[in-house]
Amino acid sequence: MTELTKFSVLCSLFTWTQRTKAPAKKRAKFRKFLDNFCTDRNYFPAIRLILPNLDRERGSYGLKESVLATSLIDALGMAKDSHDALRLVNWRKGGAKTGANAGNFALVAAEVLQLRQGTASGGLTIKELNDLLDQLSSSENRGEKTLVLSTLIQKTNALEMKWIIMIILKDLKLGISERSIFHEFHPDAEDLFNVTCDLKLVCEKLRDRNQRHKRQDIEVGKAVRPQLAKRVANAADAWKKLHGKEVVAECKFDGDRIQIHKNGTEIHFFSRNFIDHSEYAHGMSEIIIQNILVDRCILDGEMLVWDTSLNRFAEFGSNQEIAKAARDGLESNRQLCYVAFDILYFGDTSVIHQTLKERHEILRKVVKPLKGRFEILLPNGGINNHRSSGEPCWSFIAHNAEEVERFFKETIENREEGIVVKDLSSKWEPSDRSGKWLKLKPDYVHAGSDLDVLIIGGYYGSGRHGGEVAQFLVGLAERPSPNTHPKRFISLCRVGTGLSDDELEAVVTKLKPYFRKYPKTSPPSFYQVTNHSKERPDVWVDSPEKSIILSVTSDIRTIESEAFAAPYSLRFPRIDRVRYDKDWHECLDVQSFIELVQSGNGTTQRNTEYGSNKDSKPKRMKSSTRGEKKNMSTVPSHLSQTDVSSVTGGSLMFSNMMFYFVNVPPSHSLESFHKLVAENGGTFSMNLNNAVTHCVAADSKGFKFEAAKRRGDIIHYTWVLDCCAQKKLIPLHLKYFLFLSELTKKKLQEDIDEFSDSYYLDLDLGDIKQLLSNINRSEDVSTVDHYRKKYCPKDKWSIFNGCSIYFRTTMPSLKEDWQILLELSSKRFKVEVLMGGGKVTSNLNSATHVVALFLPSCHTNYEDEIQISLQLRENFLEERGCI
Ligand SMILES: Nc1ncnc2c1ncn2[C@@H]1O[C@H](COP(=O)(O)OP(=O)(O)OP(=O)(O)O)[C@@H](O)[C@H]1O
């Protein structure tokens, strides 16, 4: 009898399975357990404890490690500040005693429990345990949960309690896959589970291992394990894999994968983990009922949020918030929107065995789309119909790899997550990831030196990294006043991946002396942080000037962040490398970060165009839970609009043009350019958006420049100045381009050489200078240096190589004729310097040497000085082997 079997038997099976390496032996032992202890073939009570993550009969326990720790402390009646209580709370770090177990909550708990529970089994049966776990999941507050936990503690020993904790945390770490357990249980178990997601049903229907089960089709009301996509490296790869097939390429929407089951007025919203998300019902059920034209149906798709004011999908992460707002009847310009990309069932038949092409046709007939609320994704029609012309479409039939590649690029430029390429002749198969759907996502963006962040805190790891800091809280600098170092750092994100174990250890070892714990409510004052639990590190770096810079990369998209103090956080951040070569104060500042996010993020750009009546603020920044962010300006000073209200009109030469200044030369301010543009009838944007017609820059460096390059041509700022000086629109000769896009290059291929030099346009001296300065000469310079060193190491033609010499020739109260003499002699010296490969400079600041010339005219003391300076000169020449 399964239910009367002692839980200790199951514990022995767990312990044995965990220790045994050979998969076959593990499976054999599991079979033995089923045959010997489940003689009544009532398998579910035991199997739900073996595969707790698949059991949907019991609701969630609402107990993750930290709540479980405090509940156990109460259940055991321990003082909160006792040594063992702290070990439970700090389970990731562990204590001296827990060393090896740090990072594994169940093991740390078992150590603590061992001292209190002893080793004798409490004799709990499988039925009693299941009843108590039912109580635990249905109890509504922590007090009730604590009572159930204390009953469990009374009826078990430490070993049994350890396994119960693992069941509650839904991860037994047995080292045997779900698939092996299913296969050993019954050859059809996995298939049946995939189409029903119902463990109880699987256990009940497949009691006889020798009796095969007729392949079951999907049913309305029972979640199906979703078909998945396989990742490919690039469009060519995708094309190769689907060779000869008819292929549809679709945008990869970034929301929650949701299966909608409609049965009359009964609607379910099943997630990938087959949880029914009833919170979507308030915002969506009515729409689903009215716009699905059949009574029974299963749709596959993505739940997203549509922003009606921006007319686009909102960034990932707001589904729950908007679902709650819909439930509470709150007005908002954002609403839930379901995008159906497939149909699995309609009427009274499953259609997963039909081809995708056929399913698309069914989808078209069955769903009446509603803009921004309920969309269908079809290559011809559906959501594609309301994209404005010029915008990339959401889905299309691809004819070659180049088309897929272009679509992928457009989608990424539009800041979507990626694309999914599908075989139109394929069936829909539950849980399949064999390659009928291929996903293409952008690689991490290598921000290079631009995304340099400072480590400000550390989190203890779990498992292999238990007991040591394994992740970091990183921050950006608050922009310091000129010529000073930053004084405060603003939390940006938590990052843990990217470093090898050795690299991680090296960083942690270096920082260890500066790791300090601070009370939860008062973190170090030099960090601006939130009180969000996700952010709170286990230790802080208590002196930023001792900390280390990390270069991080991330998915190209950022997210608005409530957890961290910076207005945006990074999505899927990774450590690119540790920047031991950089000082702590060389960390990126938050305003530059905002600038680079906004320069590349379509969702934040619409309202920032000069001349529009719209609100000119960039995207609203969410306030943190405790309002720390309120003190920070949402619009950094360099992003705030230039006030051009007082500008009086000049020409209209820039009319119909919108300028975006990537950067400006030090000699000019951004405002001055904005004013020039406005004076001449143009408009400007603070961000790089689709309306910008002219991207202008002074310098081809930086993240913003890279972002602008991805979009197209970049013009040198001198063009704007030249137009204004000549009061006419000068043709955009090639010399005015700082960067030419491939498209423009192609167009101009017949007119220019590799350095963008025109074959037939006449150039003046200024043009040539400009052209030369556009050429990256670093390689040429190093080649010249190489030959100079090789062939004339101490030659008189290169004695002044590398010197930049400033001549002081003016002297106060010098007679005119003496002054002429002095200048004549300095001329000779200057020629000498030039002949020796040096430079003469008139800028004292850039000089490597200063030469003062004196004449024995008005003051006798000068004679001494002449002697000294001549002597100096001789020494100098001698040093260089000239004398
Ligand atoms: N047009 C689409 N077709 C299929 N899946 C889509 C589409 N748009 C968005 N998706 C999402 O992409 C997922 C498919 O990718 P995959 O199967 O690899 O899921 P994943 O493991 O969650 O991957 P990722 O982390 O890349 O989203 C689906 O689960 C779904 O949520």
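Just so it is clear, the structure is predicted and the values come from calculations on it, not from any experiment.

The subject of this paragraph is the pairing of strand 12 (residues 437-440). In terms of strand pairing, strand 1 (residues 230-231) meets strand 12 through two bridges, oriented parallel. Its bridge partner being in strand 12, Arg 231 is matched across the sheet by Lys 439. Note that strand 11 (residues 419-423) and strand 12 share four bridges and pair antiparallel. Bridge pairing in strand 12 places Val 421 opposite Leu 438.

This paragraph deals with helix 16 (residues 356-366). Each turn of an α-helix holds 3.6 residues, which means side chains three or four residues apart point in the same direction. By the burial criterion, the buried members of helix 16 are Leu 356, Arg 359, His 360, Leu 363 and Val 366. What you see down the axis of helix 16 is that its buried residues fit within an arc of 135°, all on one side. In this fold, the buried residues of helix 16 make contact with strand 5 (296-307), strand 7 (334-346), strand 9 (374-376) and strand 11.

Attention now goes to the confidence of the model for the protein. Chain-level pLDDT for the protein is 82 on average; 83% of the residues reach the 70-or-more range. With pLDDT under 50 throughout, residues 445-449 is counted as low confidence; its partners more than four residues away or in other chains account for eight contacts. Note that pLDDT drops below 50 for residues 601-641; the model gives that stretch 74 contacts with residues more than four away or on any other chain.

What follows deals with the sheet that holds strand 28 (residues 804-808). The three strands lie next to each other as 29-28-30, forming an open sheet whose pairing is parallel. Pairing within the sheet leaves two strands with one partner each, and these edge strands are strand 29 (839-840) and strand 30 (849-852). Of the pairings in the sheet, the one linking strand 28 to strand 29 comprises two bridges and is parallel in character. Residue Ser 804 lies in a different strand from strand 29, and its bridge partner there is Lys 839. Most of the contacts of helix 26 (residues 816-835) go to strand 28, to which it runs at about 175°, and overall it touches strand 28, strand 29 and strand 30.

We now examine the site of the ligand. Residues in close proximity to the ligand total 14 residues, the closest being Leu 228, Ala 229, Glu 250, Phe 253 and Arg 257. Grouping the constituent residues of the shell around the ligand by class yields eight nonpolar, no polar and six charged.

Okay, the environment of Asn 384 next. Looking at the element boundaries, Asn 384 is found in the loop between strand 9 and strand 10 (395-398). If sequence neighbours within four positions are ignored, Asn 384 has contacts with Leu 378, Cys 393, Trp 394 and Ser 395.

This paragraph deals with helix 26. Between its first and last C-alpha atoms helix 26 spans 29 Å; for 20 residues at 1.5 Å apiece the expected length is 28 Å, and the two agree. Count one or two residues on from helix 26 and you reach Gly 837, which has phi positive near 85°.

The next subject is unusual backbone geometry. One non-glycine residue, Lys 173, lies in the positive phi region at around 50°. Within the secondary structure layout, Lys 173 lies in the loop between helix 9 (158-168) and helix 10 (178-185). At Asn 311, a residue that is not glycine, the phi angle is positive and equals roughly 55°. Locating Asn 311 in the fold gives a position in the loop between strand 5 and strand 6 (312-313).

Conventions adopted
- Residues numbered from 1 in each chain as written.
- Predicted model: local features only at pLDDT ≥ 70, side-chain atom pairs only at ≥ 80, totals over all residues.
- Pairing = 2+ DSSP bridges.
- Helix = DSSP H or I, 4+ residues; strand = E, 2+ residues; numbered from the N terminus.
- Buried ≥ 20, exposed ≤ 12 C-beta atoms within 10 Å, placed from the backbone.
- Arc of directions from axis to C-beta.
- Contact = placed C-beta atoms within 7 Å.
- pLDDT = per-residue confidence, 0-100.
- Axes fitted to C-alpha atoms, helices over the stretch in contact; angles between N-to-C directions.
- Near = placed C-beta within 6 Å.
- Nonpolar A, V, L, I, M, F, W, Y, C, P; charged D, E, K, R; others polar.
- Expected span 1.5 Å × (residues − 1).

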